[in-house]
There are 2 protein chains.
Amino acid sequence: MGEKAERTRELIRQEAYRLFAEKGFKEVTMTDICERTGLSRGGLYRYYSKTGEIFSEILSKEYVISDRIEGLESAEQILTDMLEAITREIMDKETSLSLAIYEYASLGNEELFIRINEAAKQRWISLIQYGMETGEFKPVDPDRISDLILYYYQGLRMWSRVIPFEKRTARYYAATIRELLL
Amino acid sequence: MGEKAERTRELIRQEAYRLFAEKGFKEVTMTDICERTGLSRGGLYRYYSKTGEIFSEILSKEYVISDRIEGLESAEQILTDMLEAITREIMDKETSLSLAIYEYASLGNEELFIRINEAAKQRWISLIQYGMETGEFKPVDPDRISDLILYYYQGLRMWSRVIPFEKRTARYYAATIRELLL
């Protein structure tokens, strides 16, 4: 795929992301995405054939850390960067995809979510194992701690749309995980 | 209110709970609740004037522990009982109210959720403080730990409807909290 095509796909994902965060999954149509991106129907369909395809790609995008682990960077530094990105996200409730995730799952896309959840979990497990190897992290059960990291985050993402959050709420998240690991 | 009236209210809440868990908040009507309970329209409206009133009462029902603390029961035993009730709930995904909560919140009921969240948090804080006083719990930051307990739980409740859970997932929750406190 050419560079221009990749830029267009990225634009589509960005605008669709905002729509899914605003309205959930079910209410977003390909027409909405045309309007937001300024693309014609033909232009949009050249890249994606339905909203589920775009949503699934958005969810599959990950914060990549394997190259940093292979590059032997400090596990604590990788952790710090990940927690920083996550706490910024937690405070930015407008970008929460919780409702869209819930709706898309209720339409029978369990396989996708199993895969995404597994990938996210594996990423955390690999960081935790790496940190234990370098001696930077305490000896913990990587499987158990990564469950906490993921579901605590999901609870915060959902409730950020239910009640107003103070900055403390996101800080607590990072502090708890640091304390469990360092 | 007479005993019979209280029994009827309880029946209404029970049946409505199932409907909210199944369909979320928005799609449940007073007519649905009449059908499920077998009450006439007049019969139902004698107790509740709208679905929001029933939902709000359901959410406000709490697991009461203040009398156990006042009765000087062991903090560890209270914790064990609470975690047991919660892990049972986590595995029972049919009773998850996450979508209904999300929808009801999006209709502008922030005050209610702030109140419910505060009450739940206070309940945990009081148990944690009590456990530290009796020397059964480690010295921790009650505010921070109760945040973890509540949002980790909410994340699990939501995701129990997105992916299938193994028993381990609920066990991890209880094990993590026990380890943080005991």
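Residues numbered from 1 in each chain as written. Chains lettered and ligands numbered in written order. Predicted model: local features only at pLDDT ≥ 70, side-chain atom pairs only at ≥ 80, totals over all residues. Heavy atoms only, no water.

Novice: What is the right way to look at the pattern of salt bridges in this model?
Specialist: Side-chain pairs of opposite charge can arise whenever the charged atoms involved come near each other. Residue and element names in this part refer to chain B. Counted according to the given criterion, the structure contains 36 salt bridges over all chains. The partner of Arg 13 in a salt bridge is Glu 57, with the nearest N and O atoms 2.9 Å apart. Linking Arg 13 in helix H1 (residues 3-23) with Glu 57 in helix H4 (residues 51-60), this pair joins segments that are 44 residues apart in sequence. The exposure class of Arg 13 is buried, given its relative accessible area of 10%. For Glu 166, the salt bridge is made with Arg 168, and the minimal N-O distance between the two is 3.5 Å. For Glu 166, a relative accessible area of 48% corresponds to the partly exposed category. (Salt bridge = Lys/Arg side-chain N within 4 Å of Asp/Glu carboxyl O. Helix = DSSP H or I, 4+ residues; strand = E, 2+ residues; numbered from the N terminus. Buried < 20%, exposed > 50% of the residue type's maximum accessible area, 1.4 Å probe, protein only.)

Novice: I would appreciate a short explanation of the packing of aromatic side chains in the present structure.
Specialist: Both the distance between ring centres and the angle between the ring planes are used here to describe each pair of aromatic rings. Inspection of every chain in the model, using the stated rule, returns 18 aromatic pairs over all chains. Relative to Tyr 104 of chain A, the ring of Phe 55 of chain A has its centre 5.2 Å away and its plane inclined at 85°; by these criteria the two rings are edge-to-face. You can see Phe 55 of chain A sitting in helix H4 (residues 51-60) and its partner Tyr 104 of chain A sitting in helix H7 (residues 98-106), a full 49 residues away along the chain. A relative accessible area of 0% means that Phe 55 of chain A is categorised as buried. Aromatic pair Phe 20 of chain B and Phe 55 of chain B: ring centres 4.8 Å apart, planes at 65°, arrangement edge-to-face. Remark: Phe 55 of chain B occurs in helix H4 and Phe 20 of chain B occurs in helix H1; sequence separation between them is 35 residues. Of the two residues, Phe 20 of chain B and Phe 55 of chain B, neither departs from the other in class, the shared state being buried. Each residue in the set Phe 20, Phe 25, Phe 55, Tyr 104 and Phe 113 of chain A together with Trp 159 of chain B is aromatic and connected to the rest through ring pairs, giving one cluster. (Phe/Tyr/Trp six-rings, centres within 6.5 Å; stacked < 30°, edge-to-face > 60°.)

Novice: Help me understand the relation of the copies chain B and chain A, please; the structure alone is not making it clear to me.
Specialist: One copy of the chain maps onto the second through a rotation about an axis and a displacement along it. Least-squares fitting of chain B to chain A yields an RMSD of 0.0 Å, with the transformation described by 0.0 Å of translation along the axis and a rotation of 180°. On this basis, the relationship between the two copies can be described by a two-fold rotation axis. When you check the interface residues of chain B against chain A, 100% turn up at the interface there too, and the contact is symmetric in its surfaces. (Least-squares fit on C-alpha atoms with pLDDT ≥ 70 in both. Contact = heavy atoms within 4.5 Å.)

Novice: Would you mind showing me how to read the interface of chain B and chain A here?
Specialist: Bring the parts together and some accessible area is lost; that lost area is often taken as the interface size. Of the residues lining the interface, 34 residues belong to chain B; the matching set on chain A comes to 34 residues. Three residues, Tyr 102, Arg 144 and Tyr 151 of chain B, lead the burial of chain B against chain A; their summed loss comes to 22% of the area buried on that side. The interface formed by chain B and chain A contains four salt bridges. Residue Glu 179 of chain A is joined to Arg 144 of chain B by a salt bridge in which the shortest nitrogen-to-oxygen separation is 2.6 Å. If you list the elements that add at least two residues to the side of chain B that touches chain A, you get helix H7 (98-106), helix H8 (110-133), helix H9 (142-159) and helix H10 (167-181) of chain B. Of the residues forming the side of chain B that touches chain A, the biggest block, 11 residues, is contributed by H9 of chain B. Along the lines of polarity and charge, the residues of the side of chain B that touches chain A split into 19 nonpolar, six polar and nine charged. (Buried area = accessible area lost by both parts, 1.4 Å probe. Nonpolar A, V, L, I, M, F, W, Y, C, P; charged D, E, K, R; others polar.)

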